[in-house]
Amino acid sequence: MRNFSSDFRRLVRSLMIVTAITLGTSGMVSGQGTPADSTQAAGAAAPAAGGAAVNGDPAAGEALYKANCTSCHALNKRVLGPALAGVNQKYNDEAYLIKWIKNAPAMVASGDERAVKIYEEYNKAAMTPFPQFSDDDVRNILAYIQVEGDKKPEAAAAPGGATTGAESADTGVSNFMIIGLVAVILIAFLVILVLNRVIATLERLLLNKGEAILAEEDETEEEAKDKFAGLKRMAKNKKLVFFVILGFVVLLASFGTVEMWNTGVHTGYQPVQPIKFSHQLHAGTNQIDCQYCHSGAWKSKNATIPSLNVCMNCHKYVQATEKYDGEISPEIKKIYTALDYNPETQAYGDNPRPIEWVRIHNLPDLAYFNHSQHVKVAGIDCQKCHGPIETMEEVYQYSPLTMKWCINCHRETEVKHEGNAYYDKVIAAHDQIKKGEKVTAAVLGGLECGKCHY
């Protein structure tokens, strides 16, 4: 009976050790996630209105001024037009100012001396007429300029919100596979343990020597006093040691396979760019078409990075001064600095420098990808690969861009061949082949440069 009790206790201890190893292995096998960085935006506070009204309502004039005047004028700084602070005192002629604001080009055309002088001073840039304004509207604007122009601008910027995004990478290795391998090793370990117990019991019965059995019981009692006796005995079992080592090798190989599978996958990569260009503002709020900047996506292999001249198509005039108390936006200033452009004189210098953008989407050299084949021929939207780009304050890599990801897309995406001239030519070539007519490589696009030149 004592032999049975000792064997039972050893078996329970062995099972507890194996259970602990299994739980530890299961805890180590976990998925991976990719955080996405948050990005910052900037805002500005406008100074509060104050002062006495001058021949009009400054509060009503403020709304009209900000809606119609801030794109070309600032109160205390020259932008495209002159600074407006003190304009009432400078001219001291309300009727003249009303006539000028409502139709400045007509006054220039009429030869008015002061109008022509201003026109010549500002590079013959004609002021936009506002015939929709009533005389009271103009008085309200002049009252607002009178009140606000006497104040000293106090710029204040506060950090805004941020957008986040995350996209987890495809691990490619099933956790169920790893747990299954551990279960197989555990079952083999239990079988070996039971067989060892059975063999030991049979040996004792065959020997049938009481003294030997008593001696073994004494040894068992000594082992019960030694806390590490069970581990020492298990270490002497060559089969057990072999399977334990094998289990560790399989476990390390599984983790190594997972890490190697994810090598070169940069989902969620979001580097800091030299200019905080917001796709959310340009492609989302302003709804500028992607190909206005990335024109190469429609006609070539590369989507191309737009030159700063493309930026200046808008930002020669759009300077966001209304958000920075008459000052040009710091990010737009970076464009001017790179182009060596003076916004005051609207002249370019002789020391332009390129913007060093940080590349985000980067395929390995062994992969060939043609934007025009996907955008123009297949009619695929940019968001298919780049994600919701119109909501990104700062761009990050949305898709894993692995071979598996591309192949799955090719398997699932339906070809839009109806009304597509590219596929009409392919179908016509197949019809010629069916009729037995001669079809050359040129008919199938063999004269295109990209067929031979990478």
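Keep in mind it's a predicted model, so treat the numbers as computed, not measured. (Residues numbered from 1 in each chain as written. Predicted model: local features only at pLDDT ≥ 70, side-chain atom pairs only at ≥ 80, totals over all residues. Heavy atoms only, no water.)

1. Topic: the overall build of the chain
The test is simple: Elements are defined by DSSP. Helices are runs of H or I of four residues or more, strands are runs of E of two residues or more, and each kind is numbered from the N terminus. Only protein chains enter the calculation, and the probe is 1.4 Å; a residue is then buried if its accessible area is under 20% of its type maximum, exposed if over 50%, and partly exposed in between. Note on contacts: a residue pair is in contact if any heavy atoms of the two residues lie within 4.5 Å. Here the open area of atoms and residues is found with the Shrake-Rupley method and a 1.4 Å probe, where only the protein chains shown may cover a residue.
Summing up its helical and strand segments, the chain has 19 helices and four strands in all. A burial count over the chain gives 26% of its 454 residues as buried. At a minimum sequence separation of 6, the contacts of the chain that also span at least 24 residues come to 70%. Surface summary for the chain: the accessible area is close to 29800 Å², and the carbon and sulfur share equals 60%.

2. Here we look at the environment of Asn103
Put simply, the test is: By the criterion applied in these results, polar contacts are pairs of N or O atoms within 3.5 Å in which, for protein atoms, one can donate a hydrogen and the other can accept it, and in which residues neighboring in sequence qualify only through two side-chain atoms.
Looking at the element boundaries, Asn103 is found in the loop between helix H4 (94-102) and helix H5 (104-109). Each C-alpha atom of the pair Asn103 and Met127 lies 8.3 Å from the other, and the pair is 24 residues apart in sequence. A polar side-chain atom of Asn103 sits 3.3 Å from the main-chain amide nitrogen of Ala106.

3. Things to note about the UniProt feature "transmembrane region" (unreviewed entry) in the chain
To keep it simple, the criterion reads: UniProt positions are given in the numbering used here, feature names are shortened, and annotations may be inferred rather than shown by experiment.
Feature annotation in UniProt places "transmembrane region" (unreviewed entry) on residues 176-199 and 240-261, given in this structure's numbering. Helix makes up 100% of residues 176-199 and strand 0%, and the two end C-alpha atoms of the span are 35 Å apart. Along residues 240-261, the helical share is 100% and the strand share 0%, with 32 Å between the first and last C-alpha atoms.

4. Re a nonpolar patch on the surface
Quick note on the threshold: For patch detection, residues must exceed 30% relative accessible area and be free of salt bridges, and they are connected within 9 Å for like charges or within 5 Å for nonpolar side chains (Val, Leu, Ile, Met, Phe, Trp, Tyr). Any Lys or Arg side-chain nitrogen found within 4 Å of a carboxyl oxygen on Asp or Glu counts as a salt bridge.
A cluster of nonpolar side chains, contributed by Ile187, Val191, Leu195 and Ile199, occupies part of the molecular surface with about 370 Å² of accessible area. Looking at the element boundaries, Leu195 is found in helix H8 (residues 175-207). A residue is classified by how much of its surface remains accessible, and Leu195, at 48% relative accessible area, is partly exposed.

5. With respect to the nonpolar core
Soluble globular proteins tend to pack their nonpolar side chains together in the buried interior. Heads up, the rule is: Here, nonpolar core refers to any group of buried Ala, Val, Leu, Ile, Met, Phe, Trp, Tyr and Cys residues whose side-chain atoms link them within 4.5 Å.
Residues Tyr65, Trp100, Ile101 and Ile145 are the most contacted members of the largest nonpolar core, which totals 22 residues. When residues of this core are traced back to their parent elements, those giving at least two are helix H3 (87-91), H4, H5 and helix H7 (135-149). Residues in contact with Ile101, not counting those within four places in the same chain, are Met127, Thr128, Pro129, Phe130, Phe133, Val138 and Leu142.

6. Regarding the confidence of the model for the chain
The condition that has to hold: For every residue, the predictor reports its confidence as pLDDT, a number between 0 and 100.
Of all residues in the chain, 78% have pLDDT values of 70 or greater, and the mean over the chain is 79. Confidence drops under pLDDT 50 across residues 29-53; counting only partners more than four residues distant or on other chains, this segment forms 65 contacts. A low-confidence stretch, residues 154-172 stays under pLDDT 50, and its non-local contacts, those more than four residues away or across chains, total 50 contacts.

7. Quick word on the packing of helix H14 (residues 308-315) against helix H15 (residues 330-339)
Operational definition: Axis definition: a line fitted to C-alpha atoms, over the contacting stretch in the case of helices. Angles run 0 to 180 degrees between N-to-C directions. By the definition adopted for this analysis, an angle is roughly parallel if under 35 degrees, roughly antiparallel if over 145, roughly perpendicular if from 65 to 115, and oblique otherwise. Handedness of a crossing is defined here by the sense of rotation of the near helix relative to the far one, left-handed for an anticlockwise turn of less than a right angle and right-handed for a clockwise turn. Each residue is assigned to one class: nonpolar for Ala, Val, Leu, Ile, Met, Phe, Trp, Tyr, Cys and Pro, charged for Asp, Glu, Lys and Arg, and polar for all the others, Gly among them.
Between H14 and H15, whose axes approach to 11 Å, the crossing angle comes to 130°. Classified by the angle between their axes, H14 and H15 sit oblique to one another. As for how H14 packs across H15, the hand of that crossing is left-handed. Only Ile332, Ile335, Tyr336, Ala338 and Leu339 of H15 make contact with H14, whose side of the interface consists of Leu308, Asn309, Cys311, Met312 and His315. Partitioned by chemical class, the residues of the contact of H14 with H15 number eight nonpolar, two polar and no charged.

8. Brief notes about the packing of H8 against helix H11 (residues 238-261)
Where H8 meets H11, the closest approach of the two axes is 10 Å, and the angle between their N-to-C directions is 180°. The angle between the axes of H8 and H11 places the two elements in the roughly antiparallel class. On the side of H8, the interface is formed by Ile178, Leu181, Ile185, Ala188, Phe189 and Ile192, while H11 contributes Lys239, Leu240, Phe243, Gly247, Val250, Leu251 and Ser254. The residue makeup of the contact of H8 with H11, split by class, is 10 nonpolar, two polar and one charged.

9. Considerations on the packing of aromatic side chains
Where we set the bar: Ring pairs are drawn from Phe, Tyr and Trp, using the six-membered ring of Trp, whenever the two centres fall within 6.5 Å, and their geometry is named by plane angle: stacked under 30 degrees, edge-to-face over 60, tilted for the rest.
Counted according to the given criterion, the structure contains six aromatic pairs. Geometrically, the ring pair formed by Phe130 and Phe133 is stacked, given 5.1 Å between the ring centres and 10° between the ring planes. Look at Tyr422 and Tyr423: their rings are 5.2 Å apart centre to centre, the planes differ by 85°, and that puts the pair in the edge-to-face class. Through successive ring pairs, a cluster of aromatic residues spans Tyr336, Tyr341 and Tyr348.

10. Comments concerning the layout of surface pockets
The cut-off we apply is this: Site definitions follow a grid-based scheme: protein atoms alone, a 1 Å grid, a 1.4 Å probe that fits but cannot get out for cavities, and for pockets an open set with protein on both sides within 12 Å along at least five of seven lines, plus lining residues having an atom within 4 Å of a point. Grid points are joined across faces, edges and corners, and a volume is the space filled by probe spheres set on the points. Marked domain ranges trace back to an automatic or database domain assignment.
Estimated volume of the second largest pocket: approximately 1000 Å³. Every residue lining the second largest pocket is counted, 44 residues in all, and those nearest its centre are His73, Gly81, Pro82, Ile118 and Met127. Those elements giving two or more residues to the lining of the second largest pocket turn out to be H3, H4, H5, helix H6 (113-121) and H7. A per-class count over the lining of the second largest pocket returns 30 nonpolar, eight polar and six charged. Of the residues that make up the lining of the second largest pocket, three or more belong to each of domain 1 (58-150) and domain 2 (279-403).

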